[in-house]
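# Observations on the three-dimensional arrangement
Single-letter residue listing:
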Amino acid sequence: MGSISNPRQPRECLNNTLLWANHSYRKSRVYLLSIMPPSTVESIEGDKHMGILTFDDASTTSIPVFEYEPLRNNNYGVRFLRLFPGRLEDHVMSELFEAELRDRMCYELPQPWNPDAQPARVKYEALSWSWGRATAQHQVHVRKGRGIAKMRCSKDLIWALKHLRRPHEDRILWIDAICINQRDNIERNHQVENMAVLYDQAFNVCVWLGHDNEESKMAIDFIKNEIMEFQNFDDLCERKEN
């Protein structure tokens, strides 16, 4: 996906694929917008070739369906996704781990096999994307203990994970569609209350606009030509003449 040595310096959009922007509104934050170039989309020869399987694919009937474990603290508990490294064409492999919000920071909770471990602060990125009308008819694999389980996921979100995935190291993400048990109304209501803090405390916020089309190009142009003008928003507000 690329990297940036100094997150305070914006970078231009490269072939409508990546855009690193410094959106300054009282607090500096790096936003990443990822668009799959048309040439990549057109070169795909079927979803299976790219490691994208429907949830009921015959090759995965022996893999159990993922079931969420209840959060240990329903008020301040939060799950994060550890996205394991891989190539674009590999299946998405991941695992969920639990953390806890303390003083607006997230700390990973000790695992059952190491209960005496000291809580470590979680350095994570949050993914913002449009659910739209996409249905969760595909699957990602989630490691549970010594085995794996398959979780329902929309194809668009799988593409986002594939492009966010690093080739040689894990990536920690908070994604509402995965990290929140959407079927548990009590948990979901508590998590919605924490969403502002989770986005605010994220190291990066990654924005996935989906496959390249006219709407995504319009969004890129708008950000390049309009939003980037807000980099000095704080200075403009503080000037006496304004």
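Moving on: the packing of aromatic side chains. Enumeration according to the criterion identifies four aromatic pairs in this entry. Here the aromatic rings of phenylalanine 66 and tyrosine 68 are separated by 4.9 Å at their centres, their planes lie at 85 degrees, and the arrangement is edge-to-face. Judged by relative accessible area, which is 11%, phenylalanine 66 ranks as buried.

In this section: the pairing of strand β8 (residues 138-144). Burial of β8 is extensive: five of the seven residues sit out of reach of the surface. Alignment of strand β4 (residues 93-102) against β8, held across three bridges, turns out to be parallel. Bridge pairing in β8 places glutamate 95 opposite arginine 143.

Moving on: helix α2 (residues 155-164). By the criterion of burial, α2 is predominantly enclosed, with eight of the 10 residues buried. Restricting attention to buried positions, one finds in α2 the residues Leu157, Ile158, Trp159, Ala160, Leu161, Lys162, His163 and Leu164.

Quick look at helix α4 (residues 185-201) now. An ideal rise of 1.5 Å per residue puts 24 Å on 17 residues; α4 measures up with 24 Å between its terminal C-alpha atoms. The largest bend in α4 is about 45 degrees, located at asparagine 194. Residues of α4 that are buried include every one of Glu187, Gln191, Asn194, Val197 and Leu198, and no others. Along its buried surface, α4 packs onto β3 (77-83), β4, β5 (105-108), β10 (171-174) and α3 (176-179). Backbone nitrogen of isoleucine 186 and a side-chain oxygen of the N-cap are separated by 3.1 Å at the start of α4; the cap is aspartate 184.

Looking at the element boundaries, threonine 54 is found in the loop between α1 (38-42) and β3. Residue class for threonine 54 comes out partly exposed when judged on its relative accessible area of 38%. Through-space distance from the C-alpha of threonine 54 to that of glutamine 137 is 5.8 Å; in sequence the pair is 83 residues apart. The contact partners of threonine 54, leaving out residues within four places of it in the chain, are Gln137, His138 and Gln139.

Next up on the list: the side chain of glutamate 125. Inspection of the secondary structure assignment puts glutamate 125 in strand β7 (residues 125-129). One polar contact links glutamate 125 to asparagine 204, side chain to side chain, over a distance of 3.0 Å. Setting aside chain neighbours within four positions, we find glutamate 125 in contact with Arg166, Arg171, Ile172, Leu173, Trp174, Ala202, Asn204 and Cys206.

A few words now on the nonpolar core. Core analysis: the biggest nonpolar cluster contains 42 residues, and Phe80, Tyr124, Leu127, Leu161, Trp174 and Ile175 have the highest contact counts within it. Ranked by the residues each element gives to this core, the list is headed by α2, at six residues. If we skip the residues at most four places from it in the chain, leucine 161 touches Leu81, Leu83, Val92, Val140, Leu173, Ile175 and Ile178.

Further remarks concern the environment of aspartate 56. Within the secondary structure layout, aspartate 56 lies in the loop between α1 and β3. Between the C-alpha atom of aspartate 56 and that of glutamine 137, which follows or precedes it by 81 residues, the distance is 8.2 Å.

Let us look at the pattern of salt bridges. Applying the stated criterion to the full structure yields 12 salt bridges. The salt bridge partner of aspartate 90 is arginine 87, with a shortest N-O separation of 3.0 Å. You can call arginine 87 exposed: its relative accessible area is 52%. The partner of arginine 102 in a salt bridge is glutamate 100, and the shortest N-O contact between them spans 3.2 Å. Residue glutamate 100 is classed as buried on the basis of its relative accessible area of 16%.

When pLDDT is averaged across the chain, the result is 77; 68% of the residues are at 70 or more. Across residues 1-45, confidence stays below pLDDT 50; counting only partners more than four residues off in sequence or on other chains, it has 115 contacts.

When you tally the buried positions in β7, you get four out of five residues, the bulk of the element. Here two bridges tie β7 to β10, and the two strands are oriented parallel to one another. Counterpart to alanine 126 in the pairing with β10 is tryptophan 174.

For the rest of this paragraph, the subject is unusual backbone geometry. Here the phi dihedral of aspartate 103 falls at roughly 50 degrees; this positive angle occurs in a residue that is not glycine. Residue position: aspartate 103 is located in the loop between β4 and β5. You can call aspartate 103 exposed: its relative accessible area is 76%.

The rules behind each value
Residues numbered from 1 in each chain as written. Predicted model: local features only at pLDDT ≥ 70, side-chain atom pairs only at ≥ 80, totals over all residues. Heavy atoms only, no water. Phe/Tyr/Trp six-rings, centres within 6.5 Å; stacked < 30°, edge-to-face > 60°. Buried < 20%, exposed > 50% of the residue type's maximum accessible area, 1.4 Å probe, protein only. Helix = DSSP H or I, 4+ residues; strand = E, 2+ residues; numbered from the N terminus. Pairing = 2+ DSSP bridges. Expected span 1.5 Å × (residues − 1). Bend = angle between axes of the 7 residues up to and from the residue. Contact = heavy atoms within 4.5 Å. Polar contact = N/O pair within 3.5 Å; in protein donor to acceptor, adjacent residues only side chain to side chain. Core = buried A, V, L, I, M, F, W, Y, C linked by side-chain atoms within 4.5 Å. Salt bridge = Lys/Arg side-chain N within 4 Å of Asp/Glu carboxyl O. pLDDT = per-residue confidence, 0-100.

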